[in-house]
Amino acid sequence: MSALDRRTPPVVTRLAASVLALALAACQTPAPKPDAARPTGPITAEASRSTAMDLLESASQMQGPERDQQKVRAAAILYRLGDNATARKALDSVEAQNLDDVRYAEYAHVYGSVLAAQDEFFQALDLATAPRLDGNWMRLPAETSLSLRTLRAELWGLLGDIDSAIEERRQIAHLARTPEEISANNSGFWQLLTQLPSSELQMRARQSANHMMRGWYELALLGRSTQTDISAQLTEFSRWRQQWPRHTASMYPPRAMQLLEQLAAQRPQRIALLLPLSGQLGSAGQAIHDGFMAAYYTALEAGAPTPAIQVYDTGNGQPFQEIYQSAVDGGAEVIVGPLDKGKVANLLATETLPVPTLALNYGESGRLTDDLVQFGLAVEDEARQVARHAYRQGHRQALVMASDAGWGQRGAQAFQEEWLRLGGTISDRKTFHDRSNFSQMVSDALLISDSKSREAALRRTLATPLEFTPRRRDDADMLFLMAQPGQARQINPMLTFFYAADLPVYATSQVFEGSVNPQRDRDINGIEFTALPWLFEDENVTKQNIVRQASPSPAFARLYALGADAFRLYPRLPMLREFPQQKVHGLTGALRLSSDGRIVREQIWARMKEGAPVPVTTAVEPRTGSGITGIGGAQ
């Protein structure tokens, strides 16, 4: 697997084709020297690499701007081929001040794309938003301007600055001319806006003074809805198009909306729900069952076509293989369940399953066939999401504090593995339990005692009065916290007490209890955490029905949300298989399907402010001293 395949975010990978097109087009211009390379024959990987190396060789014989532009052309081809190391080496030696404004824009695009492919997102954005570009957009060729602005939009979206990315997409809309360019930008718009909670989209739709953006917000609301089935979404989309006939998304719909008709035709008619409704997991199974059925009845009440559902209790002691076969014999076209990890392992060990199955937990491995998809509430997904987010925000040295509970240690390990894979370092890792001395743990983690020891040594050496304030360790620029709410309320204030008020704290959704109580939660102000969309979806009819009928505790609310999302997810699995970068936006997160048949959840970001969670829609400037220049953005 190439470095591009392994490391490059999908949104950045999509830029590679335009980079290569730009480079090859540039290669067709007359070369300043007779021996400068021109591509001939079919453009294969081997031919392209040969062209790139010839360009670099000829560049060594050139001077000034011609030499530097030749290197940019070669680097664009190498980036497209996944050879980021060689491309980076060529670009590092380019003297950008030698380039005119048009060539500099091409350089910023190619170099920024290479940096993004190597996870250096802030440096990439610095290049793509360099002050030198301001005021020059009208002088740039349309292709260069479009490619560079697309890179900027992708980077802002990747870094969580949705507002800046939206504005960039608006600029791209004026540049896109071909159906392919317009469709690509509309799909990018869709991906951005559907990250916002429904409440945020509703507010923006009401308040937006821009007619086109109001249409976008209303369309994104349709896509964010976790209460409608495919037919209802199709109906709503048809109504939206009638209301907005001249809107760009009406003429060139996002790819996800184009797939709805295909999905509606493929929808299964008979579903078997296999859950433990008795026994040790009975309460969890019942919550998932009720969430699934709440989504079913919401669709039914809306007049949507709904499948026949047969429920089987897997907690009654009957062998699971018999229950599964009974569901198959009963005519099930899709099976949803089981919940128990051991039973999921049984399915993984079965060579071929007779009907497509959506398991509601994860086994120890994935499965490359299409007959089994695993979906659950793995804390490991959240921990890896925190690692990627913090790294993109410019942090590199992490402190880790985690509960000794199994979920806490699994999350800490998943974070650590992802963090190290990205290139970060772990300064220290602490484990705690409910009765831990949190003051001592935080002090030790921050090396406060070492600071005090240095003070004592200085006093002995100098024998004079000193004004001394202890200092925390300087080899950590963030804290990853795997804690329950009560634990976090004790740990977070200790950071301020021990001189670490400036240390950003990231956590998983477990840090927030689930109900808003400003008086109780003011001690976790400032913590940024992955949040279930459920938290902000108060207008969602399925959630309203669940809350009204079951009043679930925050712990069980997650399971109700899982059940509701399972109902919405199973008919959309063909879409996720065909288009791996598409996502289903549910109450548990943005759901995508990995190549090994595991649903990967990405939750929204929230920050505790005045004791209440608020969604994060703009980027935070990275900490000074990280060696990375920030992009700004107010909260």
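Residues numbered from 1 in each chain as written. Predicted model: local features only at pLDDT ≥ 70, side-chain atom pairs only at ≥ 80, totals over all residues. Heavy atoms only, no water.

**What to know about the nonpolar core**
Core analysis: the largest hydrophobic core is formed by 112 residues, its most contacted members being Tyr 107, Leu 193, Phe 292, Leu 358, Phe 375, Leu 569 and Ile 599. Setting aside residues up to four positions removed in sequence, Ile 599 forms contacts with Tyr 362, Val 373, Gln 374, Phe 375, Asp 381, Leu 569, Leu 573, Leu 576, Leu 591, Arg 592 and Leu 593. With 32 residues, the next largest nonpolar core counts Ile 448, Leu 495, Ile 524 and Phe 536 among its residues. (Core = buried A, V, L, I, M, F, W, Y, C linked by side-chain atoms within 4.5 Å. Buried < 20%, exposed > 50% of the residue type's maximum accessible area, 1.4 Å probe, protein only. Contact = heavy atoms within 4.5 Å.)

**Re unusual backbone geometry**
Looking along the chain, the bond that leaves Gly 337 and enters Pro 338 is cis, with omega of 5°. Relative to the helices and strands, Pro 338 is located in the loop between strand S3 (334-336) and helix H20 (341-349). Its identity is not glycine, yet Leu 447 carries a phi of approximately 60°, on the positive side. By the element assignment, Leu 447 lies in the loop between helix H23 (438-445) and helix H24 (448-462). Backbone geometry places Glu 610, a non-glycine residue, at a positive phi of 55°. Tracing the sequence through the fold places Glu 610 in the loop between strand S14 (604-609) and strand S15 (612-615). Look at Glu 610 and you get exposed, because its relative accessible area is 66%. (Helix = DSSP H or I, 4+ residues; strand = E, 2+ residues; numbered from the N terminus.)

**Re the layout of surface pockets**
Approximately 1,400 Å³ is the volume found for the second largest pocket. Those elements that provide at least two residues to the lining of the second largest pocket are helix H21 (379-392), helix H22 (406-422), strand S10 (528-531), helix H27 (541-550), helix H28 (554-569) and strand S13 (599-602). Sort the elements by how many residues they give to the lining of the second largest pocket and H28 lands first, with seven residues. Of the residues that constitute the lining of the second largest pocket, the class distribution is 26 nonpolar, eleven polar and twelve charged. (1 Å grid on protein atoms, 1.4 Å probe; cavity = no way out; pocket = protein on both sides within 12 Å on 5 of 7 lines; lining within 4 Å. Points joined across faces, edges and corners; volume = space filled by probe spheres on them. Nonpolar A, V, L, I, M, F, W, Y, C, P; charged D, E, K, R; others polar.)

**Some remarks on the sheet that holds strand S8 (residues 478-482)**
The seven strands lie next to each other as S7-S6-S8-S9-S10-S14-S15, forming an open sheet whose pairing is mixed. Either end of the sheet is taken by a strand with one partner, and the two such strands are strand S7 (425-432) and S15. If you compare each strand with its neighbour and ignore which way they point, the axes differ by 25° on average. Both strand S6 (residues 397-403) and S8 contribute to a ladder of five bridges, which runs parallel. (Pairing = 2+ DSSP bridges. Axes fitted to C-alpha atoms, helices over the stretch in contact; angles between N-to-C directions.)

**Some remarks on the pairing of strand S1 (residues 270-275)**
On any regular strand, side chains alternate: one points to one face of the sheet, the next to the other face. A large share of S1 lies buried, amounting to five of its six residues. Relative to strand S2 (residues 308-313), S1 runs parallel, the two sharing six bridges. Paired with Leu 274 across the bridge in S2 is Tyr 312. You can see the chain leave S1, run along helix H18 (residues 282-301) and come back into S2, and the turn it takes is right-handed. In this structure, S1 lies alongside S3, joined through three bridges in parallel fashion. Opposite Ile 271, over in S3, you have Val 334 as the bridge partner. (Right-handed = clockwise from strand over helix to strand, strands pointing away.)

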